[in-house]
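One-letter residues, chain by chain:
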Amino acid sequence: MISKKLKKIIDLDKHHLYQNYGDRQEVCFVKGEGSLLYDQDGRQYIDLFAGIAVQNLGHGNKAVLKALHSQLDKIVHTSNHYYNIEQIEAARLLSQLSFPGKTLFVNSGTEANEAAIKLARRYGLSTSDKRYEIVTFQSSFHGRTLGSMTATGQSKIHSGFGPLPGGFRYLPYNDIKAFKKAVDKSKRTAAVMLELVQGEGGIIPAEHGFVAEIFDICTRNGILTIVDEVQTGIGRTGKPFAYQNYGILPDVITLAKGLGGGIPVGAIHTKSFLTDYFGKGVHGSTFGGNHLAAASAHAVLKEISRPALLNNAQKISSLIFDELARIKDRTGLIKEIRGMGLLIGASVKTDGANIVKKALESGLVINCTAGDVIRFAPALNIAPSLVKKGLAIFEKILTQEEQ
């Protein structure tokens, strides 16, 4: 039974807003502290979702708030017609945490991937007028704009938006034979775009051998490697970036979600030679990396550089995997547990959306992706006690489902 206050909010939402987000969960969060959320009626929730892996430092992180308050008192926006010291500071730290290179700031993950797609096309066509194809993978997700949506290897995302741009090829994930066959016979391939953990596809990690061979083939053939770190970056996998778990060095990484601590900001970070393909006037953004967004990104990157934070993320990851394995054995309703770091999925033998709804009713915020995969993506600094309390709620719901 929803409260009168919530009913009024829902009615106003339906009156004023597009209803494109499907059946929203029946809650309106109005306050957050760390890994706790509070709704319109003051009820408390344990947050194991972090706003789709955005609030990597939790809600109301002091370092981020301090940076935002300080920047608000100085300047928020001037545009990219002018120099921006906050962008420079964030980009410099990003190079230190990843690899030496250059950064271009945008506003979101889909825009970062659009920029990467354009950069790959520009690079490929500089070598041959037939070299424009970008290889992506089935069940991938790269965004909702027309280009990044087309890069996404899911027909349900494409449906109703044709004709889609050409120049993309979708291959089976974790199938190196299919990749070799496709790329060896094609002189059109300019780049490969890869998620190292497919988030919207069901929390599926890339196999190490698969990734290693892709990078070897791309290096030998002059094919750009683009790693989509929009969801896996900024400490989410226990390292600053997911690619660092694989012993590889991409040409391009795309970033957003956790980069701004909740402030919309995205980026592409590339090897320096690629700046030659984005000359004056080739690409840009009015708001991308404005003073406020860049200051927030810099504050987040400073926090991510602290070993204690990533150590906690790794410990919490082990705790969640262990607890989920125990729940799997006790309830019999979990089919598989998979993921990396603090991007973890538990595929269930029951209605995943119903589990999420019941969890919310019990004070737990989780998410379902790919139909039956419960996604856990808490803040990197969450306390073990809060994780155990949240997973106890999850176990209780599964136990009730079993009965």
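Described in the following lines is the structure provided in the data block. Just so it is clear, the model here is predicted, and its values are computed rather than measured.

Criteria and cut-off values
- Residues numbered from 1 in each chain as written.
- Predicted model: local features only at pLDDT ≥ 70, side-chain atom pairs only at ≥ 80, totals over all residues.
- Heavy atoms only, no water.
- Helix = DSSP H or I, 4+ residues; strand = E, 2+ residues; numbered from the N terminus.
- Contact = heavy atoms within 4.5 Å.
- Polar contact = N/O pair within 3.5 Å; in protein donor to acceptor, adjacent residues only side chain to side chain.
- Salt bridge = Lys/Arg side-chain N within 4 Å of Asp/Glu carboxyl O.
- Phe/Tyr/Trp six-rings, centres within 6.5 Å; stacked < 30°, edge-to-face > 60°.
- Buried < 20%, exposed > 50% of the residue type's maximum accessible area, 1.4 Å probe, protein only.
- Lys NZ or Arg CZ within 6 Å of the ring centre and 35° of its normal.
- Core = buried A, V, L, I, M, F, W, Y, C linked by side-chain atoms within 4.5 Å.
- 1 Å grid on protein atoms, 1.4 Å probe; cavity = no way out; pocket = protein on both sides within 12 Å on 5 of 7 lines; lining within 4 Å.
- Points joined across faces, edges and corners; volume = space filled by probe spheres on them.
- Nonpolar A, V, L, I, M, F, W, Y, C, P; charged D, E, K, R; others polar.

## Digging into the environment of threonine 150
Mapped onto the fold, threonine 150 is located in helix 6 (residues 146–151). For the pair threonine 150 and glycine 284, spaced 134 residues apart in sequence, the C-alpha separation works out to 21 Å. When near neighbours in sequence (up to four residues on either side) are disregarded, threonine 150 contacts Thr145, His158, Leu164, Pro165, Phe168 and Tyr170. Polar side-chain contacts of threonine 150 include one of 2.6 Å to the backbone oxygen of leucine 146.

## Things to note about the pattern of salt bridges
When the charged atoms of two side chains lie near each other, side chains of opposite charge can form a pair. A complete count under the given rule lists 16 salt bridges for this structure. Here glutamate 395 makes a salt bridge to arginine 326, at a shortest N to O gap of 3.2 Å. With glutamate 395 in helix 13 (residues 384–402) and arginine 326 in helix 11 (residues 307–331), this residue pair connects regions lying 69 residues apart in the sequence. Ionic pairing is found between arginine 338 and glutamate 336, a salt bridge with its closest N-O pair at 2.8 Å.

## Some details on the environment of serine 285
Mapped onto the secondary structure, serine 285 falls in the loop between strand 12 (266–270) and helix 10 (291–304). Separated by 104 residues in the primary sequence, serine 285 and lysine 181 place their C-alpha atoms 38 Å from one another. Within polar-contact distance, the side chain of serine 285 engages the side chain of asparagine 107 at 3.1 Å.

## What about the packing of aromatic side chains?
By the definition in use, this model includes 10 aromatic pairs. When the ring of tyrosine 123 is compared with that of phenylalanine 273, the centres are 6.5 Å apart and the planes differ by 70°; the resulting orientation is edge-to-face. Of this pair, tyrosine 123 sits in helix 5 (residues 109–125) while phenylalanine 273 sits in the loop between strand 12 and helix 10, placing them 150 residues apart in sequence. With a relative accessible area of 11%, tyrosine 123 lands in the buried category. Pairwise contacts between aromatic rings join Phe137, Tyr173, Phe179 and Phe210 into one cluster. The ring of tyrosine 38 carries the charged tip of lysine 31 above its face, separated from the ring centre by 5.9 Å.

## Concerning the nonpolar core
Of all hydrophobic cores here, the largest spans 88 residues; its most connected members are Phe137, Phe179, Ile366, Phe376 and Phe394. The residues touching phenylalanine 179, leaving out its near neighbours within four places in the chain, are Val135, Phe137, Leu171, Val192, Ile214, Ile217 and Cys218. One finds Val106, Ala112, Ile117 and Leu274 within the second-largest nonpolar core, a separate group that totals 19 residues.

## Quick notes on empty space enclosed by the protein
Under the definition given, this model contains two cavities of 30 Å³ or more. Space inside the largest cavity adds up to approximately 40 Å³. For the largest cavity, the full set of lining residues is His77, Thr78, Ser79, Asn80, Asn84, Thr286, Phe287, Gly288, Gly289, Asn290 and His291. Tallied by class, residues from the lining of the largest cavity come to one nonpolar, 10 polar and no charged.

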